[in-house]
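# Secondary and tertiary structure notes
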There are 2 protein chains.
Amino acid sequence: MDDGPASAGGPPGDRVATLIGAATGGSIRAIARLISMVESGGDPAAGVAAGLLGRARGAAVLGITGPPGVGKSTLIAALIGRYRSRGARVAVLAVDPSSPFSGGALLGDRVRMGEYSADPGVFIRSMSSRGELGGLSAATAGAADLLSAIGFDVVIVETVGVGQNEVAVLRVADTVLLVLSPGLGDGIQAAKAGILEIADVLVVNKADRDGVATTVRDLKSMVALGRTPGAGQWRIPVLTTVAVDRAGLDQVLDAVDAHRLHLERQEGSGSRAVRRAEAAVEALVLQRLQAALRAPDGRAALARAAGQVADGAADTHTAANRVLRELVGG
Amino acid sequence: MDDGPASAGGPPGDRVATLIGAATGGSIRAIARLISMVESGGDPAAGVAAGLLGRARGAAVLGITGPPGVGKSTLIAALIGRYRSRGARVAVLAVDPSSPFSGGALLGDRVRMGEYSADPGVFIRSMSSRGELGGLSAATAGAADLLSAIGFDVVIVETVGVGQNEVAVLRVADTVLLVLSPGLGDGIQAAKAGILEIADVLVVNKADRDGVATTVRDLKSMVALGRTPGAGQWRIPVLTTVAVDRAGLDQVLDAVDAHRLHLERQEGSGSRAVRRAEAAVEALVLQRLQAALRAPDGRAALARAAGQVADGAADTHTAANRVLRELVGG
């Protein structure tokens, strides 16, 4: 592994600079190309990162998660409309790190083909988990950073569920909305631990349905049980929306704004950038190691180590440490 | 990171040796304790691995996956019964790496509390994703290796779905069964790519329901589309079961046996051990790095790197390489 010199002035660096210029000017094609470079990892991704050095990152990064069927797509479409009416440019990264069995009901094509398809102020992109375990977090962090650096005001990262991968992906967000709907009793119980760790705002969508009062009450008591916010601490609000009717959206945007203000007051806007950079660097560290394991040298080191383990010449932990040193220390 | 000297003769190594002796003798308490050490990672896990050095691993490791609701628990309970009637000792690791939203319908307590709770030839353990991303794969590989080394004849690794984490967890298995049920049309389509990569045997459970013929036909044509097996290649069978009635089980066990024979003929039984060791070492390499990132030195290195990124002094990729070298290169 070297330091990824893709920015070292030559033609690749020039090409990246040209693409970044075009993307900043609003070229959807250039943005899509840059995100593909970020997704592919390695030198192309390093080149994009180097090309963005020194640019300001002004976007609010919003994570939106929740189980399939609660109306996340509709809510996001409605939120995009609200942000657009404020004049903000909005990008959406729809990330699906979970099992294909979950149904994969991310907005993706539905919204892309819909009302915002002709709006140059809206960019929507699906990111799927083709690559290795850590790759999706790194790619999402890189893409969110890119979109922020080329001038989007709001970057929405949509994902399904609050498993480990989702939590890793959502670490890039400043504010995380967890969307639920009435009558998810068991699901809510199961998600309990995850919710309290990750959500900054709880939204009960489809609030015109039966059982909304119970769901809201349950969530409020869960929030209360989780932690009692002291003075100056964030108090997780429980909001209700009917996204299809565009009802309750202002309260959601107000809560997002309030949370951002809270973060800036608590940490300063600088620390927000540091926290986001930390998530991005951590994801990249893992991705780089995984890429090294898949490269010919890595495969060879693993095969040697596995042979020693199978022969009883080394235990798995000793072998793993050797591989790690060979790949990185070398 | 050091080489994990927990086996270096002193009291910890003695204690592990005592536990391994008791576990081999059938002590459920000792097995549970050793698995907890494997789960906790670091020195305890390295100590267990070192303590097992040189022991034979005779178990067939069977991965069983599929969406919630297809009857995996019932099928596994039925398979355990069949294996027990052959005199085999069976261990089950129920792994849930996925989102809590998936419902988490793993067998876990249901079977543990049920018909096999008093049978010393059956060991069932749930493993959940408390730790970091790579931790669950490493822990599952370590636990399966332990169970094999202390004399279990069959180790079943149960998981939900075929996302990235599940694929990583199931790499430890010699043979992977994907369980589906009639009328999962969309789910099957969505899972298509994953299925063809991971499954060695397809089982349509609840085969007394409507639509079983269609599901079987769809699966067979998917398998046929995926790859045409040449001479000596494995042909993925599509089987049907009604697990509640214990119907179709012999065909499943025959397919598992046939697949194992196939592997041994193709690769020799030695290569099977190498392949399994490779999965275990790879998972451990990632786990070790994640543990290093969470340790004080790692957190400090990440914070420094993030500060440089936020200040515009470094891009994320350059910073990630620096962190990697600091943590591993020593």
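Predicted, not measured: the structure shown is a model, and the values here were computed from it.

### With respect to the overall build of chain A
- Helices and strands together make up the secondary structure of chain A, namely 12 helices and seven strands.
- Out of the 330 residues in chain A, the part that is buried amounts to 55%.
- The contacts of chain A with a sequence gap of at least 6 include a subset with a gap of at least 24, amounting to 76%.

### Overview of the packing of helix H12 (residues 316-329) of chain A against helix H12 (residues 316-329) of chain B
- Put simply, H12 of chain A and H12 of chain B touch, their axes get as near as 9 Å, and they point 135° apart. Relative to H12 of chain B, H12 of chain A is oriented oblique. In this structure, H12 of chain A crosses over H12 of chain B, and the sense of that crossing is left-handed. In this structure, H12 of chain A uses Leu324, Arg325, Val328 and Gly329 of chain A to contact H12 of chain B, whose residues at the interface are Leu324, Arg325, Val328 and Gly329 of chain B.
- Per-class residue counts for the contact of H12 of chain A with H12 of chain B are four nonpolar, two polar and two charged.

### Topic: the packing of helix H2 (residues 28-40) of chain A against helix H6 (residues 135-149) of chain A
Residue and element names in this part refer to chain A.
- The contact between H2 and H6 brings their axes to 8 Å, and the two run at 150°. Overall, the two elements H2 and H6 adopt an arrangement that is roughly antiparallel. Where H2 crosses over H6, the handedness of that crossing is right-handed. Contacts from Leu34, Ile35, Val38 and Glu39 of H2 reach H6 at Ala139, Gly142, Ala143 and Leu146.
- Its residues placed into classes, the contact of H2 with H6 shows six nonpolar, one polar and one charged.

### Thoughts on the environment of Ser27 of chain B
- Structurally, Ser27 of chain B can be placed in the loop between helix H1 (11-24) and helix H2 (28-40).
- Along the backbone, Ser27 of chain B and Pro120 of chain B are 93 residues apart, and their C-alpha atoms lie at a distance of 8.7 Å.

### Here we look at H12 of chain A
- Across its 14 residues, H12 of chain A extends 19 Å between first and last C-alpha, which sits within 8% of the 20 Å expected from 1.5 Å per residue.
- In terms of burial, H12 of chain A is a largely internal element, 10 of the 14 residues being buried.

### Things to note about the nonpolar core
- By size, the foremost hydrophobic cluster in this structure holds 209 residues, and its most contacted members are Val155, Val157 and Val281 of chain A together with Val155, Val157 and Val281 of chain B.
- Here this core takes 17 residues from helix H10 (residues 249-294) of chain A, the largest share from any one element.

### Section: the confidence of the model for chain A
All names here are of chain A.
- Residue-level pLDDT values for chain A average 82, and 80% of them are 70 or greater.
- Mean pLDDT in chain A bottoms out at helix H5 (residues 109-112), which sits at 46, and peaks at strand E7 (residues 238-240), which reaches 96.
- Throughout residues 1-9 the model reports pLDDT below 50, and contacts reaching past four residues in sequence, or to other chains, amount to 21 contacts.
- In the predicted structure, residues 99-113 sits below a pLDDT of 50 and forms 43 contacts with residues beyond four places in sequence or in another chain.
- For this predicted complex, the interface confidence comes out at an ipTM of 0.75, alongside a pTM of 0.72.

### Looking at the pairing of strand E6 (residues 201-204) of chain B
Residue and element names in this part refer to chain B.
- What you see with E6 is no split at all: Val201 and Val203 on one side and Leu202 and Val204 on the other are buried throughout.
- Of the strand pairs in this sheet, strand E5 (residues 175-180) and E6 are connected by four bridges, and their pairing is parallel. Opposite Leu178, over in E6, you have Leu202 as the bridge partner.
- Here three bridges tie E6 to strand E7 (residues 238-240), and the two strands are oriented parallel to one another.

### Re unusual backbone geometry
Residue and element names in this part refer to chain A.
- With a phi close to 55°, Lys206 is a non-glycine residue in the positive phi region.
- Locating Lys206 in the fold gives a position in the loop between strand E6 (201-204) and helix H9 (212-226).
- Non-glycine residue Arg246 carries a positive phi angle of around 60°.
- Here Arg246 is to be found in the loop between E7 and H10.
- We classify Arg246 as partly exposed; it has 16 C-beta atoms within 10 Å.

### Digging into the pairing of strand E1 (residues 60-65) of chain A
Residues and elements named next belong to chain A.
- With six of six residues buried, E1 lies mostly within the body of the structure.
- Here E1 shows two buried faces, one formed by Ala60, Leu62 and Ile64 and the other by Val61, Gly63 and Thr65.
- The sheet contact formed by E1 and strand E4 (residues 154-158) spans five bridges and is parallel. Residue Ala60 lies in a different strand from E4, and its bridge partner there is Val154.
- Pairing geometry for E1 and strand E5 (residues 175-180), over four bridges, is parallel. Looking at the pairing, Leu62 lines up with Thr175 of E5.

### A word on the environment of Arg322 of chain A
- In this structure, Arg322 of chain A sits in helix H12.
- Between the C-alpha atoms of Arg322 of chain A and Ala301 of chain A, which are 21 residues apart in sequence, the distance is 8.6 Å.

### Description of the environment of Pro296 of chain B
Residues and elements named next belong to chain B.
- Mapped onto the elements of the fold, Pro296 is located in helix H11 (residues 296-310).
- On the basis of neighbour counts, which here come to 7 C-beta atoms within 10 Å, the residue Pro296 falls in the exposed class.
- The sequence separation of Pro296 and Val204 amounts to 92 residues, and the corresponding C-alpha distance is 49 Å.

Rules of the game
Residues numbered from 1 in each chain as written. Chains lettered and ligands numbered in written order. Predicted model: local features only at pLDDT ≥ 70, side-chain atom pairs only at ≥ 80, totals over all residues. Helix = DSSP H or I, 4+ residues; strand = E, 2+ residues; numbered from the N terminus. Buried ≥ 20, exposed ≤ 12 C-beta atoms within 10 Å, placed from the backbone. Contact = placed C-beta atoms within 7 Å. Axes fitted to C-alpha atoms, helices over the stretch in contact; angles between N-to-C directions. Parallel < 35°, antiparallel > 145°, perpendicular 65-115°, else oblique. Left-handed = near helix turned anticlockwise from the far one by under 90°. Nonpolar A, V, L, I, M, F, W, Y, C, P; charged D, E, K, R; others polar. Expected span 1.5 Å × (residues − 1). Core = buried A, V, L, I, M, F, W, Y, C linked by C-beta atoms within 7 Å. pLDDT = per-residue confidence, 0-100. Pairing = 2+ DSSP bridges.

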